[in-house]
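Descriptive structure summary
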Amino acid sequence: MATTTTRNNGKRNITAVESHHVPLSEDSKKWRGASSAVGAHRVVETTTRIKLEAGDSRTNDEIHGTIRFCPVMKALIDTPQFQRLRYLKQLGTSNNVFMCGNHTRFEHSIGVARLAQRVCEGISARQPSLVCSAKDILCVKLAGLLHDIGHGPFSHVFESFVQKAFPAYFKTLDTETQDIYKRFPEMPSGKWGHEKVSLNLIDAALAHLGLAIDLDNLDAPLKEIGDSGIDATTMRSYDVEDGEVLTSRDFVFIKECIWGRPIPDIEDSLGRKGFAGRVCWKYEWMYDIVANRHSGLDVDKIDYFARDSRRCFGDGRVDEVIVEESCVAWGECTDAACKLCGDSASDRPHHRKHLMVCFPTKMVKAAITFFNKRFELHSTIYFHKTTRALGHMVCDILCKADPYFRLSTSPYAGHPTPDGPGRKSPSLPISRAMMDGYAFIRLRDSIIEEIANSTQANMEEASHLAGRFLVRDLYKCIFDQGVDERDRADKQLWSMSEEEIIKSFMEFMAGYRNECNDKENTLSSIHNKLDHVIVPEDILIDKFIIHHGQKDRNPIENIRVVSDKTMKRELKVTNLCDLPVAGRPDIDHFKAQTPIEQQQKTIRVYCRTKAKCSLLGQSFRAWVIHHKAHWQILGSGIKNAAVFSQMQTPVQFRLDMPCVDADSINKDDVVELTPDK
């Protein structure tokens with residue numbers, strides 16, 4: 001339904017009569033100009049505002065070749081919020097394992113923007129009846145560009161630090177150190193992730209350009225703030241003459257494309273549920289391009305699969321079939337709890353169905369390959385045991401530095417001062433950096449070098465560990481085992497938390513020492529010594545799941561396909577209600593290509609202290625054997641501890657560990673571990 005809103009900024013009145021399309025004002029038409037030569041990104045300066053003009057810049061990319069930047073894209077790329085991505089490695093710590101994997105979030109983001117544009121333009125060209133303007137394509141492209149702007153140092157490692165590592169570490173701090181944090185804003189509530197920060201940094205990037213989203217005037221151009229910046233009426237599509245001006249609603253749409261779903265904060269502010277950027281169901285397929293909430297097959301993954309494979313293995317490329325032959329049709333909703341397509345959506349022509357990005361039937365094998373590639377990359381790169389060791393070291397370094405390391409909240413010289421919870425503090429610790437835009441953009445991968453070079457006395461422990469990181473004196477993986485959920489003992493082991501595993505292991509070692517007290521004095525002496533060698537702080541438990549995209553479900557079940565005949569005959573209908581209904585792939589036809597198990601659960605144990613690795617490794621394996629035997633006995637109904645002890649074959653290992661004093665231990669001694677009674 002069309003609405004009319006008027007914006008008055010003291011210079012002009014602009015009236016919009018479309019739900020999301022704003023005509024170009026007469027004032028901005030004067031500055032439109034003709035398209036200029038490639039590489040000529042031009043601005044015309046007035047006394048207060050910069051007016052963008054037509055003209056493309058371009059760059060060359062190893063995956064996509066030549067990529068062109070329109071003036072709006074170029075303006076956002078040149079903000080400090082986006083330029084920071086040059087200093088964040090796409091693969092976090094993996095470049096320490098794959099030496100060529102040193103590409104950055106900067107190039108990945110530009111690649112995703114290019115792919116988003118290609119998919120959007122391709123679909124609208126193949127199906128001209130779809131509602132997709134040049135401005136819509138620009139919005140989807142900008143969503144691809146800005147989707148990762150909120151990543152912290154070492155990418156997903158920083159999320160682990162904020163969500164898990166630091167809260168656990170904070171509990172171990174003394175009261176005096178904990179009191180330091182009372183002067184800072186509280187940690188963000190709920191599950192924090194880089195997507196949330198991306199939404200906030202979009203606001204910060206716009207503020208740097210002198211612009212802001214105005215939720216009270218969604219269909220007007222962006223609100224102009226401050227004394228300088230870009231003229232809001234020149235933030236528009238330059239791919240067509242008289243391109244439409246980007247409005248506040250358009251930037252809400254951009255945020256929703258990144259989030260993949262309606263944004264709760266915006267829903268609360270507007271007092272209505274559902275998407276606000278593009279309200280009508282006719283536009284909902286555009287939400288599938290950058291972050292596909294239905295199948296997970298989107299341009300973000302297409303780019304980083306190709307880019308990461310190219311850099312680490314030398315063979316990455318974009319699957320052109322997926323990009324060039326995707327289409328839009330009605331598809332059954334994949335979310336049983338979805339409220340967008342339910343009974344309340346009375347204006348929707350098909351109940352429990354969405355207008356979504358679908359694929360021709362012949363593409364099912366390509367989709368299977370795509371999801372298998374996800375599993376392969378996670379197994380070989382992202383969850384490589386050394387990559388994970390480095391990631392855990394980064395978390396430990398940041399935890400130890402956090403009470404004393406500060407990030408300034410002051411804007412760079414000449415930059416606007418934004419509002420936010422971090423404004424009350426001149427500086428913030430690392431764990432609170434996301435509370436302020438300028439503190440956060442100071443977070444880069446180089447923070448490890450900054451901590452290593454610190455001369456503060458209270459930073460000595462963090463600085464020492466950072467020094468170990470820089471010379472690859474790493475945590476060592478001493479146990480690596482997949483979990484078989486059909487095995488009772490494995491299933492019970494997986495159900496234990498990291499803290500419970502460590503506690504059980506330490507109790508086992510204490511019982512082991514007590515067992516030795518009944519033997520000759522030499523062994524008793526040895527194991528009294530061992531009890532002091534291994535401490536909980538030496539042990540790091542890493543539990544993780546690698547899957548094909550939908551955890552324990554086959555992701556192919558969530559894509560929707562259209563037959564080849566339908567692709568040719570029915571996709572070009574003029575009435576969108578008459579578009580065909582896409583179906584689920586027949587999985588039985590692809591059994592040979594699909595894995596039997598969709599996910600792999602793994603438990604790894606790392607030792608933080610190099611000298612104790614051999615001892616901890618053998619001891620932990622002994623504990624696992626003891627644990628499995630215990631649960632096998634319980635499963636068989638035998639509860640008598642004496643019978644349990646008799647059924648167990650003693651576990652043997654030699655004390656040839658470098659952490660044990662050679663003068664007091666005979667390395668030929670063999671120690672028997674028997675279950676606790």
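Sequence order sets the numbering: in each chain, residues are counted from 1 along the sequence as written. At least 70 in pLDDT is required for a residue's local features to be given in this predicted model, at least 80 for side-chain atom pairs to be given and counted, and no such filter applies to totals for whole chains, interfaces and linings, which use all residues. Heavy atoms throughout the structure, all of them, feed into the side-chain values; hydrogens and water do not.

**Some remarks on the overall build of the protein**
Where helices and strands are cited, they refer to DSSP runs of H or I of at least four residues and of E of at least two residues respectively, numbered from the N terminus. Helix and strand counts for the protein come out as 23 helices and 20 strands. Exposure is judged per residue with a 1.4 Å probe applied to protein chains only, and the accessible area is read against the type maximum: over 50% gives exposed, under 20% gives buried, and values in between give partly exposed. A burial count over the protein gives 55% of its 677 residues as buried. Contacts spanning at least 24 positions in sequence make up 72% of the contacts within the protein whose residues lie at least 6 apart. To be clear on the numbers: accessible area is Shrake-Rupley with a 1.4 Å probe, and residue cover counts the displayed protein chains and nothing else. Element-wise, carbon and sulfur atoms account for 48% of the exposed surface of the protein, whose accessible area totals about 29900 Å². In what follows, a contact means two residues having at least one pair of non-hydrogen atoms within 4.5 Å.

**Focus on helix α5 (residues 134-146)**
An α-helix turns once every 3.6 residues. As a result, residues three or four positions apart point the same way. For α5, with 13 residues, the first-to-last C-alpha span of 18 Å sits near the 18 Å given by 1.5 Å per residue. Most of α5 sits out of view: 12 of its 13 residues are buried. Listed in full, the buried residues belonging to α5 are K135, D136, I137, L138, C139, V140, K141, L142, A143, G144, L145 and L146. Looking at the buried positions of α5, the neighbouring elements they touch are α2 (71-77), α3 (80-83), α4 (105-126), α8 (194-208) and α9 (248-259). In a helix, the anticipated span is given by 1.5 Å times the number of residues less one.

**Let's talk about the sheet that holds strand β14 (residues 476-483)**
In this description, strands pair whenever DSSP reports at least two bridges between them. The 3 strands are arranged β14-β18-β15 in an open sheet whose pairing can be described as antiparallel. What marks the edges here is a single partner per strand, and that holds for β14 and β15 (539-547). On average, each strand axis in the sheet is inclined to that of its neighbour by 20 degrees, with strand direction left out of account. Where β14 lies against strand β18 (residues 599-607), 7 bridges are found, and the strand directions are antiparallel. In the sheet register, C477 faces β18, and the bridge partner there is Y606. Axis definition: a line fitted to C-alpha atoms, limited for helices to the stretch in contact. Angles are taken between N-to-C directions and run from 0 to 180 degrees.

**Considerations on the nonpolar core**
Counting 155 residues, the largest nonpolar core has L142, L145, F158, F251, W285, I430 and I451 as its most contacted members. In this structure F158 touches G152, P153, W192, L398, I430, M434, F440 and L443, once residues within four positions along its chain are discounted. In plain words, nonpolar cores are sets of buried Ala, Val, Leu, Ile, Met, Phe, Trp, Tyr and Cys residues tied together by side-chain atoms within 4.5 Å. If you look at the next biggest cluster of nonpolar residues, it comprises 26 residues, including L493, F505, I539 and L615.

**Focus on the sheet that holds strand β10 (residues 327-332)**
Backbone hydrogen bonds hold the strands of a sheet together, and the pairing may be parallel or antiparallel. Here 4 strands make up an open sheet; going across it, the order is β16-β11-β10-β17 and the pairing mixed. Whereas interior strands pair on both sides, the edge strands pair on one side only; in this sheet they are β16 (561-562) and β17 (581-582). Pairing of β10 with β17, which is carried by 2 bridges, proceeds in the parallel orientation. Bridge pairing links W330 to V581 in β17.

**Describing the packing of aromatic side chains**
The criterion for an aromatic pair is that two Phe, Tyr or Trp rings (for Trp, the six-membered ring) have centres within 6.5 Å, with stacked assigned to planes under 30 degrees apart, edge-to-face to planes over 60 apart and tilted to the rest. The tally for this structure, following the rule as stated, stands at 21 aromatic pairs. Taking 5.8 Å as the distance between ring centres and 55 degrees as the angle between the ring planes, the aromatic pair formed by F161 and F166 counts as tilted. Overall, F166 belongs to the buried group, its relative accessible area being 2%. Seen from their ring centres, F253 and Y287 are 5.1 Å apart, and the 90 degrees between their planes marks the pair as edge-to-face. With a gap of 34 residues between them, F253 in helix α9 and Y287 in the loop between α10 (264-270) and α11 (299-313) connect regions that are remote in the sequence. Through a chain of ring-to-ring contacts, three or more aromatic side chains come together here, namely F158, F161, F166, F170, Y181, F184 and F440. Placement of a positive charge over a ring is assigned whenever Lys NZ or Arg CZ falls within 6 Å of the ring centre and within 35 degrees of the normal to the ring plane. Here the basic side chain of R86 rests over the ring of F106, its NZ or CZ set 4.0 Å away from the ring centre. The side chain of R236 reaches across the aromatic face of Y238, ending 4.0 Å from its centre.

**Concerning the pattern of salt bridges**
We define a salt bridge as a contact between a side-chain nitrogen of Lys or Arg and a carboxyl oxygen of Asp or Glu at a distance within 4 Å. Applying the stated criterion across every chain yields a total of 34 salt bridges. Taking the shortest distance from any N to any O, the salt bridge between R118 and E324 comes out at 3.6 Å. Within this pair, whereas R118 is found in helix α4, its partner E324 is found in helix α12 (residues 320-324), the two being separated by 206 residues in sequence. Two residues, R468 and D473, come together in a salt bridge whose shortest N-O distance is 3.3 Å. Under the relative-accessibility criterion, R468 is labelled buried at 14%. Judged by relative accessible area, D473 falls into the partly exposed class, the value being 24%.

**With respect to the packing of α8 against α9**
Where α8 contacts α9, the two axes come as close as 10 Å, and the packing angle between them is 155 degrees. When the axis of α8 is compared with that of α9, the two are roughly antiparallel. Classified by chirality, the crossing of α9 by α8 is right-handed. Taken together, the residues of α9 that come into contact with α8 (itself represented by E195, K196, L199, I202, D203 and L206) are F251, K255, I258 and W259. Reported orientations rely on four angle classes, namely roughly parallel under 35 degrees, roughly antiparallel over 145, roughly perpendicular from 65 to 115, and oblique for the rest. By convention the crossing between two helices is left-handed if the near helix lies anticlockwise of the far one by an angle smaller than a right angle, and right-handed if it lies clockwise.

**As for unusual backbone geometry**
Positioned with a positive phi, F154 is a non-glycine residue whose angle comes to about 60 degrees. In this fold, F154 is placed in the loop between α5 and α6 (156-172). We classify F154 as buried; its relative accessible area is 7%.

**Considerations on the state of the cysteines**
One way to say it: the disulfide is the covalent bond shared by the sulfur atoms of two cysteines. By definition, disulfides here are pairs of cysteine sulfur atoms that lie within 2.5 Å. Under the definition given, this model contains 0 disulfides. The thiol sulfur of C132 is not disulfide-bonded, and the nearest other cysteine sulfur, from C120, lies at 3.9 Å.

**Focus: the environment of D473**
With respect to the secondary-structure elements, D473 resides in the loop between α17 (460-470) and β14. Between the C-alpha atoms of D473 and T609, which are 136 residues apart in sequence, the distance is 9.8 Å.

**Quick notes on the side chain of E224**
With respect to the element layout, E224 can be found in strand β8 (residues 223-224). Residue classification places E224 among the buried positions, given a relative accessible area of 16%. Polar contact is defined as a pair of N or O atoms within 3.5 Å, subject to the rule that within protein one atom must be able to donate a hydrogen and the other to accept it, and that residues adjacent in sequence are counted only when both atoms are side-chain atoms. A distance of 3.0 Å separates a polar side-chain atom of E224 from the backbone nitrogen of A232.

**Re the packing of α11 against helix α13 (residues 364-382)**
Two numbers describe how α11 lies on α13: the axes approach to 11 Å, and their chain directions differ by 45 degrees. In terms of axis orientation, α11 runs oblique to α13. Viewed along their axes, α11 and α13 form a crossing whose handedness is left-handed. Contacts between α11 and α13 involve K301, I302, Y304, F305, D308, S309, C312 and F313 from the former and F370, K373, R374, L377, T380, I381 and Y382 from the latter. Grouping the constituent residues of the contact of α11 with α13 by class yields 9 nonpolar, 2 polar and 4 charged. Each residue receives one of three labels: charged for Asp, Glu, Lys and Arg, nonpolar for Ala, Val, Leu, Ile, Met, Phe, Trp, Tyr, Cys and Pro, and polar for the others, Gly being one of them.

**Quick word on the confidence of the model for the protein**
The quantity called pLDDT is the predictor's confidence in a given residue, expressed from 0 to 100. On average, the protein scores 84 in pLDDT, and the residues at 70 or more come to 80%. Averaged over each element, pLDDT in the protein is lowest for strand β2 (residues 13-16) (34) and highest for helix α14 (residues 385-401) (98). With pLDDT under 50 throughout, residues 520-524 is counted as low confidence; its partners more than four residues away or in other chains account for 5 contacts.

**So, the environment of K273**
Position of K273 relative to the elements: it lies in the loop between α10 and α11. Among the residues examined, K273 registers a relative accessible area of 61% and is labelled exposed. With 66 residues separating them along the chain, K273 and K339 place their C-alpha atoms 8.9 Å apart. Leave out the neighbours within four places in its chain, and K273 touches E267 and D268.

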